[in-house]
Amino acid sequence: MIHLLAVAEELPLHELTPKFNMGRTAVSKHLTVLKQADLVHDRKVGRETRYRLNAAPLREVQDWVAFYDKFWRSNLMRLGELLEEEEEE
């Protein structure tokens, strides 16, 4: 759902629902959870509600993952070097 909203600027519920193997109510509940997490914003256009991704909170996750990715890559590279040195001895 996040991917679909990232690709499209906005999507109404009736366009999102057919993309999933679940009913309209279940898709709506998922959108409600995403709204509560501030990952989705909505706006009324006439009688329909249109949903769009709010990517800002995902940037925080990306930064957190990037930090630990760098940390583990660095430490695993040092471990690999140590293991190679031990094999040479």
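Rules behind the numbers
- Residues numbered from 1 in each chain as written.
- Predicted model: local features only at pLDDT ≥ 70, side-chain atom pairs only at ≥ 80, totals over all residues.
- Heavy atoms only, no water.
- Pairing = 2+ DSSP bridges.
- Helix = DSSP H or I, 4+ residues; strand = E, 2+ residues; numbered from the N terminus.
- Contact = heavy atoms within 4.5 Å.
- Axes fitted to C-alpha atoms, helices over the stretch in contact; angles between N-to-C directions.
- Core = buried A, V, L, I, M, F, W, Y, C linked by side-chain atoms within 4.5 Å.
- Buried < 20%, exposed > 50% of the residue type's maximum accessible area, 1.4 Å probe, protein only.
- Salt bridge = Lys/Arg side-chain N within 4 Å of Asp/Glu carboxyl O.
- Phe/Tyr/Trp six-rings, centres within 6.5 Å; stacked < 30°, edge-to-face > 60°.
- Polar contact = N/O pair within 3.5 Å; in protein donor to acceptor, adjacent residues only side chain to side chain.

1. Looking at the sheet that holds strand 1 (residues 11–12)
Pairing is antiparallel across the open sheet formed by 3 strands, whose spatial order is 1-3-2. Two strands bound the open sheet, and with one partner strand each, they are strand 1 and strand 2 (40–45). Against the sheet, helix 3 (residues 24–36) engages strand 2 and strand 3 (48–53), with an angle of about 115° to strand 2.

2. Examining the nonpolar core
Formed by Met1, Leu5, Leu11, Leu13, Leu16, Val27, Leu31, Leu34, Leu39, Val40, Tyr51 and Leu53, the largest nonpolar core amounts to 12 residues. At the level of elements, helix 2 (13–16), helix 3 and strand 3 are the ones that each hand at least two residues to this core. The element that contributes the greatest number of residues to this core is helix 3, accounting for 3 residues. Sequence-distant contacts of Leu31, defined by excluding residues within four places in its chain, comprise Met1, Leu5, Leu13, Leu16, Val40 and Tyr51.

3. Some thoughts on the pattern of salt bridges
Enumeration according to the criterion identifies 5 salt bridges in this entry. The shortest N-O distance in the salt bridge between Glu10 and Arg43 comes to 2.6 Å. Here the residue Glu10 occupies a position in the loop between helix 1 (2–7) and strand 1, and Arg43 occupies one in strand 2, the gap between them amounting to 33 residues. Exposure remark for Glu10: the relative accessible area of 16% places this residue in the buried category. According to the relative accessible area criterion, Arg43 is partly exposed, its value standing at 43%. When the shortest N-O distance is used, the salt bridge between Arg50 and Glu10 registers 3.1 Å. Taken as a pair, Arg50 in strand 3 and Glu10 in the loop between helix 1 and strand 1 lie far apart in primary sequence, 40 residues in all. Residue Arg50 shares its accessibility class with Glu10, and that shared class is buried. Several salt bridges share partner residues, and in doing so they unite Glu10, Arg43, Glu48 and Arg50 into one network.

4. Here's the deal with the packing of aromatic side chains
For the structure shown, the criterion picks out 4 aromatic pairs. Taken together, a centroid distance of 6.4 Å and an interplanar angle of 75° make the contact between Tyr68 and Phe71 edge-to-face. Of this pair, Tyr68 and Phe71 both sit in helix 4 (residues 56–88), 3 residues apart, roughly one helical turn. A relative accessible area of 36% places Tyr68 in the partly exposed class.

5. Let's talk about the side chain of Thr49
On the secondary structure map, Thr49 appears in strand 3. We classify Thr49 as buried; its relative accessible area is 16%. Looking at Thr49, its side chain comes within polar contact range of the side chain of Lys44, at 3.0 Å. In contact with Thr49, not counting residues within four places along its chain, are Leu11, Pro12, Leu13, Asp42, Arg43 and Lys44.

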